[in-house]
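Here is how the chains run, residue by residue.
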Amino acid sequence: MEFQVKDERRTDSGDDVLVPFEDVREHLVVVGNGMAGCRAVEELLARDAGRYRVTIFGAEPYVNYNRIMLSPVLAGEKTFEQIVINDAAWYDDNGIELIAGDPVTGIDRAAKAVTSQSGRTVHYDKLLIATGSDPFIIPVPGKDLPGVISFRDMKDVDTMLEAAGKGGSAVVIGGGLLGLEAAHGLTLRGMKVTVIHLMDTLMERQLDEAAGWLLKTALEGRGQTILTGANTAEIYGEGQVEGVRLKDGRDIPASLVVMAVGIRPATSLAREAGLEVNRGITVDDHMVTSDPDVLAVGECVEHDGNVYGLVAPLWDMCRSLADGLTDQHTGYKGSVTSTKLKVAGLDVFSVGDFSGGEGCEDIVLRDASRGVYKRVVVKDDRIVGAVLYGDTADGGWYFDLLKKGEDVSDIRDLLIFGQAYAVLGASGGGALDPKAAVAVLSDDAEICGCNGVSKGQVVACIDAGACSLDAVRAGCKASASCGSCTGLVENLLAVVLGDDVKSGPKTMCKCTSFGHDDVRREIVAQDMRSIPEVMQKLHWSTPDGCSSCRPALNYYLLCALPGDYVDDQQSRFVNERMHANIQKDGTYSVVPRMWGGLTNPRELRAIADVVEKYDAPMVKVTGGQRLDIFGIKKEDLPAVWADLNAAGMVSGHAYGKSLRTVKTCVGSEWCRFGTQDSTGLGVKIERMTWGSWMPHKFKIAASGCPRNCAEATIKDFGVVCVDSGYELHVGGNGGIHVRATDLLCKVATEQEALDYCAAFIQLYREEARYLERTAPWIERVGVDYIKSRIVEDDAGREALRSRFLYSQSFSQEDPWAERAAGANSELHQPLQPIAIAAE
Amino acid sequence: MTDWIDIGTLADIPQRGARTVQLSGEKEIAVFRTGDDQLFALVNECPHKKGPLSQGIVHGHSVACPLHNWNIALKTGEAQGNDEGCTPTIAVKEEGGRIWIARPMAMQAAA
């Protein structure tokens, strides 16, 4: 290595070094030849070059290089020579003695001397500790195997380059900044890389969930495998690393494992010397430790309770330190940090507190087609945090506004569009109003990129009579695709029409400008596959939605992607998460399924046993002919389910936006009026439909004759058996607004009744809005429409039916059995507090 | 750490979810983990009709009560919008990889 500094060289050229033998100046000894140590010396030299005699110890055998540029070296974008900050000449020119490759091993504060690994002892007047950080190594079996490394210094990079030269697979543990850079470099070097990250989103400390999700998607698009929520159990191999095993049993073969889960201040030297150390070496505002002759700077220190792992605070500290050493007293006041990086060509920026909270307002911009996400958090008219993804050009501007604490109320409307726009607006004759900004656009300015619609075309469309967003979408397609220009179109409407704008269709909730139907259509059209993806692509205005939109999105995705979509438990209402009905006192009621309302001694006995065993205060027959056991505690639910499962009973889904019950009468088997086996049909219908998730609860009934004892004409789907076949009824409701069914049609066979039922349910599942029961849905779309899809279109009906049955092939798993077997059992139990007794 | 009670790790609580802690008092404490991994602790009762907030849908830094959909701010315990009422909060922190709740506040809240 060209810049390797050998001790011999120092000895050989000793006569030339600008350190007189009898140098009477105070001796500053620096432990650490990294970015902090050398920067501190640079700052000192800039203030008073001749004041101190300086000796720097470095553990690594190199001159001072830029550690944060190791990633480009790994990626092959830079050479080591290009990341050197101060070359050998700098040390020589400034009379600094560099002792490289010989780490300091002890500090004797009484004698005011340090000793190094090679046994060298050097006396100091002032000592500066700049030992930086050590990589955190998670204590799993196999962590010491050859091939398991951290990503901290040039040696690590050399090891990675050597491993990459042989090809194969690498695992990077840690999806933070460093880990992703390591993964990127190794990918570029041709390795197959898997990133294992413990948390659910990448870089969770710097990015919010939306940005983390974008990053993950982009990295996956670049060929990396990203496993979030993944916990490393062990690293295995015979004499050399061979792979990583996760706690969930997954096994990832690898010939190289890079651990980049974090760093911690390297404080052992200071600690052993008896200096005050908390998380880092504690220092005052001039970076002086508990010993007035010992200073410390950089990642190894703790100032005012803060430890920093970024480079910007380091510069601040070095300035304050040099001021202190040269008798100036500015003092370090802590740093506000920002993170800006580029991984695999992806720009990411974050600053300040972007977690939101009380009094904070989020301004969010999502531009799906450009892959841009921006979120600025404003509190009391001042920026307190920002997250930028994809376009970080304005990061510095937001950071500046944040640091200065500037009042942004004047430019708030334009803030999210960035400095150019906001400042342009401000200088453009007070054009702060976004409407005015749109008004000054030229006629050929593009409004809708997806459909290539210009401002002139939108205005022409409005002039031709379009007076709502929907009408514009229908008339000229502007804002009809990704929707990112919706705000512009709305402003144009306001500019052209003044107060005559018709309010748009009702939106799903306050988090979006889209209505339910638009969201459903776009989910399918754009093949969206997760809630964060929908929120990103459809420009949600909140970080993670609300209790209205999240359950709806979860259902829409579930319906659109049967068997594929991973259900989001935290987006389900408590009843569906607990698979039981929450009651007013916080206990739950449990309803086992009784197919078609039939039961037997074994089931009744099991229910009776559960009632006694768990001291249930009430058991009641429901309106849907099932037995409801009340007063079960959350903790007891899994055991109750296990007992009911043991008697062959599964969940009745009495709690869900799903098929509830199929109510029956006794039909031809017992009833003297019964014309068909309505009980048997009811059982068959329930066997076909149970477990299906719906926009809202769904009830079915089958009556054996027109006397209609099962009350089939107030159900979502009802069958009334007659001599000649089966009357099918839809859209009934016995709830707040009682509604009798519409007759859909009459069919001749039981199989047809089942087929039409499946097709109707699927049409409802695919087209109704979340929390819209069949009655209002049918009143909205008209029963003729339903007939046109189910009765008059044989092929369409068959397609709906087969989509329903396909979906059912994934849905008919008993959620009770899964829970009783232990899935998510901890969610039923309280956390066990430790050390509670001590007082 | 005499003034803080160790109740577990971040991984014990689902993101956008909550777990409860049962102390010696009558009331449970609900510890919430938000989408951005912030922690909050509240008495597990909605100020409206004592609904178990731990079972509500967590969104942003709020939770929707599972009984009547009141929105409670996790930081202050205050009902949002037009609703009025407040649930006591308990200081909570993450340190050394563990979650801690403030003992005196927790004891008082659970009583």
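Before reading on, note that the structure itself is shown above.
Computed from a prediction, not measured in an experiment: that's the story for all the values here.

### Focus: the overall build of chain A
- If you tally the helices and strands in chain A, you get 28 helices and 38 strands.
- For chain A, buried positions account for 54% of its 839 residues.
- Contacts spanning at least 24 positions in sequence make up 62% of the contacts within chain A whose residues lie at least 6 apart.
- In the structure as shown, chain A presents an accessible area of about 35100 Å², 50% of it carried by carbon and sulfur atoms.

### So, the interface of chain B and chain A
- Each partner contributes to the interface: chain B provides 40 residues, whereas chain A provides 40 residues.
- Interface of chain B and chain A: buried area, both sides summed, is about 3300 Å²; carbon and sulfur atoms make up 51% of it.
- Three residues, B:R16, B:Q55 and B:I57, lead the burial of chain B against chain A; their summed loss comes to 22% of the area buried on that side.
- Residue B:R16 pairs with A:E209 through a salt bridge whose shortest N-O separation is 2.2 Å.
- Seen at the junction of chain B and chain A, the total is 8 residue pairs in polar contact (both at pLDDT 80 or more).
- Put simply, the parts of the chain that give the side of chain B that touches chain A at least two residues each are β1 (4-8), β2 (17-22), β3 (28-33), β5 (57-59) and α1 (103-110) of chain B.
- Sorting elements by how many residues they give to the side of chain B that touches chain A places β2(B) first, with 5 residues.
- Partitioned by chemical class, the residues of the side of chain B that touches chain A number 14 nonpolar, 14 polar and 12 charged.

### Considerations on the state of the cysteines
- Scanning the model with the defined rule gives 0 disulfides over all chains in all.
- Free of any disulfide, A:C705 has its nearest cysteine sulfur in A:C671, 5.5 Å distant.

### Examining the side chain of A:R577
- Mapped onto the elements of the fold, A:R577 is located in helix α20 (residues 574-578).
- In this structure the side chain of A:R577 is engaged in a polar contact, spanning 3.4 Å, whose partner is the backbone oxygen of A:Q569.
- Not counting residues within four places of it along the chain, the set of residues in contact with A:R577 comprises A:Q569, A:Q570, A:R572, A:R819, B:Q55, B:G56 and B:I57.

### Considering the packing of aromatic side chains
Residue and element names in this part refer to chain A.
- Considering all chains together, one arrives at 15 aromatic pairs over all chains under this definition.
- Note on Y62 and F80: the rings are 5.2 Å apart at their centroids and 45° apart in plane angle, and the pair reads as tilted. Taken together, the positions of Y62 in the loop between β2 (52-58) and β3 (64-65) and F80 in the loop between α3 (70-75) and β4 (84-86) put the pair 18 residues apart, joining distant regions of the chain.
- Every member of this aromatic cluster is reached through a ring pair, and the members are F698, F717, F760, Y764 and W777.

### Quick word on a negative patch on the surface
Residue and element names in this part refer to chain A.
- Together, D380, D381, E406, D407 and D410 give the surface a local cluster of negative charge.
- Topologically, D381 is positioned in the loop between β26 (372-379) and β27 (382-389).
- The partly exposed category is assigned to D381, whose relative accessible area is 32%.

About the criteria used
Residues numbered from 1 in each chain as written. Chains lettered and ligands numbered in written order. Predicted model: local features only at pLDDT ≥ 70, side-chain atom pairs only at ≥ 80, totals over all residues. Heavy atoms only, no water. Helix = DSSP H or I, 4+ residues; strand = E, 2+ residues; numbered from the N terminus. Buried < 20%, exposed > 50% of the residue type's maximum accessible area, 1.4 Å probe, protein only. Contact = heavy atoms within 4.5 Å. Areas by Shrake-Rupley, 256 points an atom, 1.4 Å probe, with all protein chains shown as cover. Buried area = accessible area lost by both parts, 1.4 Å probe. Salt bridge = Lys/Arg side-chain N within 4 Å of Asp/Glu carboxyl O. Polar contact = N/O pair within 3.5 Å; in protein donor to acceptor, adjacent residues only side chain to side chain. Nonpolar A, V, L, I, M, F, W, Y, C, P; charged D, E, K, R; others polar. Disulfide = S-S within 2.5 Å. Phe/Tyr/Trp six-rings, centres within 6.5 Å; stacked < 30°, edge-to-face > 60°. Patch = residues over 30% accessible without salt bridge, like charges linked within 9 Å, V, L, I, M, F, W, Y side chains within 5 Å. Lys, Arg positive; Asp, Glu negative; His and termini not counted. Charge placed at Lys NZ, Arg CZ, Asp CG, Glu CD.

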